[in-house]
Amino acid sequence: MPRFFRLDEPALDGLIEALRQQGYTAVGPRVRDGAVIYDEISSVADLPQGWASEQEAGKYRLNRDPSAGPFDYVIGPSSWKQWLHPPEARLFAAERENGAFRILPNTTSAPRYALVGVRACELAAIAIQDRVLLGDRYTDPIYQARRKALFVVAVNCTRSAATCFCASMQTGPRAVEGFDLALTPVGNGRQYLGETGTDAGAAVAGELGWPEAPPEMMSEAAETVRAAARAQTRNVALEGLAEALTAAAEHPRWETVAKRCMACGNCTLACPTCFCTTVEDTSTVDGARAERWRKWDSCFTQSFSYIHGGSVRTSVKSRYRQWLTHKLAYWQQQFGTPGCVGCGRCITWCPAGIDLTEEARALRA
Amino acid sequence: MESLERIIAEQPFVEGLESYYLQLLVGCARNVVFEAGHTVFREGEEAHEFYLLRHGKVAIEIHAPQRPPIVVETLADGDVLGWSWLIPPHHWRFTARAVTQVRAIALDGKCLRTKCEANHDLGYELLKRFADIMSRRVDAARYQVIDVYGGGVNQ
Amino acid sequence: MSPDDPMLPVAYRVEKVTKETRDTFTLVTRRVDRAPRHAFEPGQFSMLYVCAVGELPISISGDTADKQNLTYTVRSVGQVTNQLVSLGVGDTLGVRGPFGVPWPVEEARGKDVVVVAGGIGLAPLRPVLYHILRRREEYGRLVLLYGARSPQDQLFRKELTQWSQAPESRVLTTVDYGGVNWHGHVGVVTTMFRYVRLRPERTIAMVCGPEIMMRFVARELETRGVERSQIRVSMERNMKCGCGFCGHCQYGPDFICKDGPVFSYDRIQSRMEAYEI
């Protein structure tokens, strides 16, 4: 059974400190280069207090907002996959001796991250990557090691950006599962309702001696989160979507959107569920030692589908179609859920302002 | 001696052909044997006949200066060799050479053309069969042009 | 790191190299640590790693009954395959896998089996031929139709002759381009169907070659009455991992690496006919 507590700002600081004391590297939102990104934090002072984002298709602006609490910024371009499914990871090294070589597996242990400020849509994204990288035929040890060592502090959303559509994807804005602790900002974002999700979360809460939350705090929290859901203006109609998109392979809309799409791959980088990778081989000049690295890749590149003789998807149209159809249709068949959580990053960070919700709607027409 | 009619009736080309039309074909047919290496017909010559191949293999060749002759297709048991007899100006477009000893039924083109003009039903039956052969050969030629094994090859 | 990391290659030593054609070589390899070789089924592939160069999916072309070696037939068409074919006896390569859905050799028991191969597509099918010929009485008629670019590009020529002499077996080979000294068939592989009589209701077909060749072979089989579900094809796409992580080999809702490479034609027919899927 979840338990509910009342936290003020010093209590939040105490939580971050306690997690660091337990050996976790605390990672949370910070302002950098005009955007809120995730990076290491050491206290509440690092959080983007007093900042609010303005988002639209192809537009992101971080504005000063004295009324904004530390978690009122709404999500930025980076996602947690950077910490769990890193952009670059060494798979192994190899040492060469007399024509033969030896494989040297990685020996370093995985970092222990405490993620602070994980949104409901992002929890859904982590669950989706769990399904892909841990829950299928094979297990990705790099992801698994980081995932096992994880402590998650979720934060429920009390504001939505214009690009948010988690409510329609049924992933948010309230975090239901997948966290050790969840916080809901109340009282103008200066207080928090704490909720335990796991024994590990409950242990931390007990250790810090948080007082129990009064009932009116719980109803206030519930209402602010519901209000954030009501404030969402975009949506995707899930009912029958996978079937409709699978049948829409020859829809003229693909041509239209391909004229705008620059195949830059921003959407795949910003997307918290996109998992595709490529590999690169490096070696020392004398060839005695080689390494194999895995790196994020994007289905928007032409080389992604290369087989000797040429690429399978040469047109931008076919690449956009692959991305969107995978996200909203094939994913369902492959892993039992859509590959989209409604975070809206692909809409905000598309330089052409292509709106996934609008494309999905047009493709059903 | 095997009756010519029975031999022709066994050929896939005449499958389903009513015996009345078969009789008309038999009237224009004769048995032939070509030894290996024999030129059955040559590019540019008048196309008098076509052949229902019973046994053996025939190469359809085309030659050009500066290079050895190219075999564009081989035909064998059950295949039909030649359709230039049907299409004006009735000249062979390619050269046909027996690769092995070949036993075949030769059908006289002029004889058949006359019968087809007189009996369009027979003409239709023959054209249907040639249309099928031609469409298959065009398909095969198109696939050949793609040079599938030169480019993307499955591992 | 986990010992069952699917991304970690195991070192194999090249025991024997056979030149099959001007650009295609067969490598017989054995585990360096002398542990038993990886188990595999006909049609499965490995990811072969050349140190510091790269890694590619290559089908196993050897016999499942060979309990010591893993055998691969590689055509040199790019950087990694160039390196693979230039490996000599004693050199090491990395092996991951085997991965993928095999040919339906069990399902084919008691049926006539039509194997249609194009070019190097004969390599992934060779384990099927070994399998059937070793259990000849458990299968119906065996037909192998093999198309290659030219007589010089035919793989496994000695074995083709041996297979043609097996009981209840028919082997027909053809080339797209033949000179006047070539006494075999000239014409694309589909033209060979004229010379075999199929019993479609009891036939299962296994087809491997360039995608376009598999498309027209599947169509020919259908024309001759073989059900789509009884036609199996082996697909190829870009592949970086072989185990479903890298996303490259996605083909509609399927991953070629784990849902294929062998697919039933009825599952993928419409995708094969569409552009740029």
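The model shown is predicted, which means the values in this text are computed figures rather than measured ones. (Residues numbered from 1 in each chain as written. Chains lettered and ligands numbered in written order. Predicted model: local features only at pLDDT ≥ 70, side-chain atom pairs only at ≥ 80, totals over all residues. Heavy atoms only, no water.)

## Remarks on the side chain of Asp 5 of chain C
Residues and elements named next belong to chain C.
Here comes step 1: Along the chain, Asp 5 turns up in the segment before strand S1 (10-19).
Here comes step 2: Notably, Asp 5 is buried but unbridged: the nearest opposite-charge side chain belongs to Arg 96, and the N-O separation is 6.8 Å.
Here comes step 3: Only 2.8 Å separates the side chain of Asp 5 from the backbone nitrogen of Met 7, close enough to count as a polar contact. (Helix = DSSP H or I, 4+ residues; strand = E, 2+ residues; numbered from the N terminus. Buried < 20%, exposed > 50% of the residue type's maximum accessible area, 1.4 Å probe, protein only. Lys, Arg positive; Asp, Glu negative; His and termini not counted. Salt bridge = Lys/Arg side-chain N within 4 Å of Asp/Glu carboxyl O. Polar contact = N/O pair within 3.5 Å; in protein donor to acceptor, adjacent residues only side chain to side chain.)

## Some points on the layout of surface pockets
Here comes step 1: Approximately 1,200 Å³ is the volume attributed to the largest pocket.
Here comes step 2: If you trace the largest pocket, you find 32 residues lining it, with Pro 12, Asp 132 and Arg 136 of chain B together with Arg 194 and Arg 224 of chain C closest to the centre.
Here comes step 3: Among the secondary structure elements, those contributing two or more residues to the lining of the largest pocket are helix H4 (120-146) of chain B together with helix H4 (211-223) of chain C.
Here comes step 4: Of the residues contributing to the lining of the largest pocket, the split by class is ten nonpolar, six polar and 16 charged. (1 Å grid on protein atoms, 1.4 Å probe; cavity = no way out; pocket = protein on both sides within 12 Å on 5 of 7 lines; lining within 4 Å. Points joined across faces, edges and corners; volume = space filled by probe spheres on them. Nonpolar A, V, L, I, M, F, W, Y, C, P; charged D, E, K, R; others polar.)

## What to know about the packing of aromatic side chains
Here comes step 1: Summed over all chains, the structure comprises 29 aromatic pairs over all chains.
Here comes step 2: Between Phe 13 of chain B and Phe 130 of chain B, the aromatic rings sit 5.3 Å apart at their centres with planes inclined by 65°, giving edge-to-face as the arrangement. One end of the pair, Phe 13 of chain B, is in the loop between helix H1 (4-9) and helix H2 (19-26); the other, Phe 130 of chain B, is in helix H4, with 117 residues separating them in the sequence. Comparing Phe 13 of chain B with Phe 130 of chain B, the two get one shared label, buried.
Here comes step 3: Taken together, the aromatic side chains of Trp 254, Phe 300, Tyr 320 and Trp 323 of chain A make up a single cluster linked through ring pairs.
Here comes step 4: A cation over a ring is seen here: Lys 81 of chain A above Trp 296 of chain A, with NZ or CZ 4.5 Å from the ring centre.
Here comes step 5: Over the face of the ring belonging to Phe 156 of chain C we find Arg 126 of chain C, whose NZ or CZ atom lies 3.9 Å from the ring centre. (Phe/Tyr/Trp six-rings, centres within 6.5 Å; stacked < 30°, edge-to-face > 60°. Lys NZ or Arg CZ within 6 Å of the ring centre and 35° of its normal.)

## Things to note about the sheet that holds strand S12 (residues 203-208) of chain C
Residue and element names in this part refer to chain C.
Here comes step 1: Ordered by their spatial adjacency, seven strands build an open sheet running S11-S9-S8-S7-S12-S13-S16, and the pairing between neighbours is mixed. Two strands bound the open sheet, and with one partner strand each, they are strand S11 (185-186) and strand S16 (262-264).
Here comes step 2: Sheet topology places strand S7 (residues 112-118) next to S12; six bridges connect them, and they run parallel. In the sheet register, Asp 112 faces S12, and the bridge partner there is Thr 203.
Here comes step 3: Helix H6 (residues 265-273) contacts strand S13 (231-234) and S16 of the sheet and is inclined by roughly 95° relative to S16. (Pairing = 2+ DSSP bridges. Contact = heavy atoms within 4.5 Å. Axes fitted to C-alpha atoms, helices over the stretch in contact; angles between N-to-C directions.)

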